[in-house]
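# Per-entry structural report
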Amino acid sequence: MRRALVCAALSALVSATIIVPEALAQRRDRDRGQQWVQLGCQQVSFRGRDRDTIRVGRREGRFQAIRVAARGNDVEMRRLSVVYANGNPDDLDVQRVIRSGSKTEALDLKGRDRAIERIDMTYRQRDDFRGRTTVRVEGLVG
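Residues numbered from 1 in each chain as written. Predicted model: local features only at pLDDT ≥ 70, side-chain atom pairs only at ≥ 80, totals over all residues. Heavy atoms only, no water.

## Some words on the confidence of the model for the chain
Detailed reading of predicted coordinates is not advised where the pLDDT is low. Just so we agree on the cut-off: Confidence scores labelled pLDDT are given residue by residue by the predictor and lie between 0 and 100. Contact criterion: two residues are considered in contact whenever any of their non-hydrogen atoms come within 4.5 Å of each other.
With 67% of its residues at a pLDDT of 70 or more, the chain has an overall mean of 78. Across residues 23-28, confidence stays below pLDDT 50; counting only partners more than four residues off in sequence or on other chains, it has 1 contact.

## What to know about the packing of aromatic side chains
Heads up, the rule is: When the centres of two rings from Phe, Tyr and Trp lie within 6.5 Å, Trp using its six-membered ring, the rings pair. Their planes under 30 degrees apart give stacked, over 60 give edge-to-face, and anything left gives tilted. For a ring to carry a charge above it, either NZ of a lysine or CZ of an arginine must fall within 6 Å of the ring centroid while also lying within 35 degrees of the normal to the ring plane.
Tallied over the full model, the rule gives 0 aromatic pairs. Its guanidinium or amino end placed over the ring of Trp 36, Arg 67 lies 4.0 Å from that ring's centre, counting from NZ or CZ.

## Points about the side chain of Arg 67
Note the cut-off: Going along the chain from the N terminus, every DSSP run of H or I of four or more residues is numbered as a helix, and every run of E of two or more is numbered as a strand. Summary of the burial criterion: residues with accessible area below 20% of their type's maximum are buried, those above 50% are exposed, and those between are partly exposed, where the area comes from a 1.4 Å probe applied to protein chains only. Whenever a nitrogen or oxygen atom comes within 3.5 Å of another N or O atom, the pair is scored as a polar contact, on the condition that within protein one atom can donate a hydrogen and the other can accept it, and that pairs from neighbouring residues in sequence are kept only if both atoms are in side chains.
Along the chain, Arg 67 falls in strand E3 (residues 62-71). You can call Arg 67 buried: its relative accessible area is 9%. Polar side-chain contacts of Arg 67 include one of 2.4 Å to the side chain of Glu 138.

## Quick word on the nonpolar core
Inclusion rule: We call a set of buried residues a nonpolar core when its members are Ala, Val, Leu, Ile, Met, Phe, Trp, Tyr or Cys and they connect through side-chain atoms within 4.5 Å of each other.
Judged by nonpolar contacts, the single largest core of 24 residues is most densely connected at Ile 66, Met 77, Leu 80, Ile 116 and Ile 119. If you list the elements that add at least two residues to this core, you get strand E1 (36-44), E3, strand E4 (75-84), strand E5 (89-98), strand E7 (114-124) and strand E8 (133-141). For this core, the leading source of residues is E4, giving 5 residues.

## Some words on the pairing of E7
Applied cut-off: Here, a strand pair is defined by DSSP locating no fewer than two bridges between the strands.
Sheet topology places strand E2 (residues 51-55) next to E7; 5 bridges connect them, and they run antiparallel. By the bridge assignment, Asp 52 is partnered in E7 with Met 121. Summarising the sheet, E4 and E7 pair through 8 bridges and their orientation is antiparallel. In the sheet register, Leu 80 faces E7, and the bridge partner there is Met 121.

## Description of the pairing of E8
Within E8, 7 of the 9 residues are buried, which leaves the element mostly enclosed by the surrounding structure. Sheet analysis places E1 next to E8, joined by 8 bridges and oriented antiparallel. Bridged to Val 37 within E8 is Gly 139. The sheet contact formed by E3 and E8 spans 8 bridges and is antiparallel. Its bridge partner lying in E8, Ala 65 is registered against Leu 140.

## Let's talk about the pattern of salt bridges
Put simply, the rule reads: Definition used for salt bridges: Asp or Glu carboxyl oxygen within 4 Å of a side-chain nitrogen of Lys or Arg.
Counted under the stated rule, the structure contains 9 salt bridges. Residue Arg 124 is joined to Glu 76 by a salt bridge in which the shortest nitrogen-to-oxygen separation is 2.8 Å. Pair noted here: Arg 124 is in strand E7 and Glu 76 is in strand E4, with a separation of 48 residues, a long-range link. Residue classification places Arg 124 among the partly exposed positions, given a relative accessible area of 38%. When its relative accessible area of 15% is taken as the criterion, Glu 76 is described as buried. For Lys 110, the salt bridge identified is with Asp 90, shortest N-O distance 4.0 Å. Placement of Lys 110 in the loop between strand E6 (107-108) and E7 and of Asp 90 in strand E5 is noted, with a sequence separation of 20 residues between them. On the basis of relative accessible area, Lys 110 is assigned to the exposed category, the value being 57%. Three or more residues joined by partner-sharing salt bridges are found here, namely Arg 67, Lys 103, Arg 136 and Glu 138.

If you want it as structure tokens, here you go:
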């Protein structure tokens, strides 16, 4: 009984440390008048691949900037190619490690207020990587 109580308390503590910072970040963005929306997520396992695509689609809206978040493990993001609805790409040289539970700063998009078709990601396996990570891309509504 005591063991079950300790496990439940630890689970609640871990959940709070994951959920509370994200909620605070969303509130801070709203307070600044910024509206970030999730464009998509991709599970990254590094099994023979170092590229993935997140399909966004024309009906998702127009965006001024994007940012990338990691959950589960760190990921070394090399480049992002944002392909717009008209087929033109916007290549972003990210070149940074995104720590689990954190996100990049806003990455400005060229031309402002562009409809995004897809985001092609190129990343690199970390030497200490174990398991999987989830990469989430958010867009700043224009």
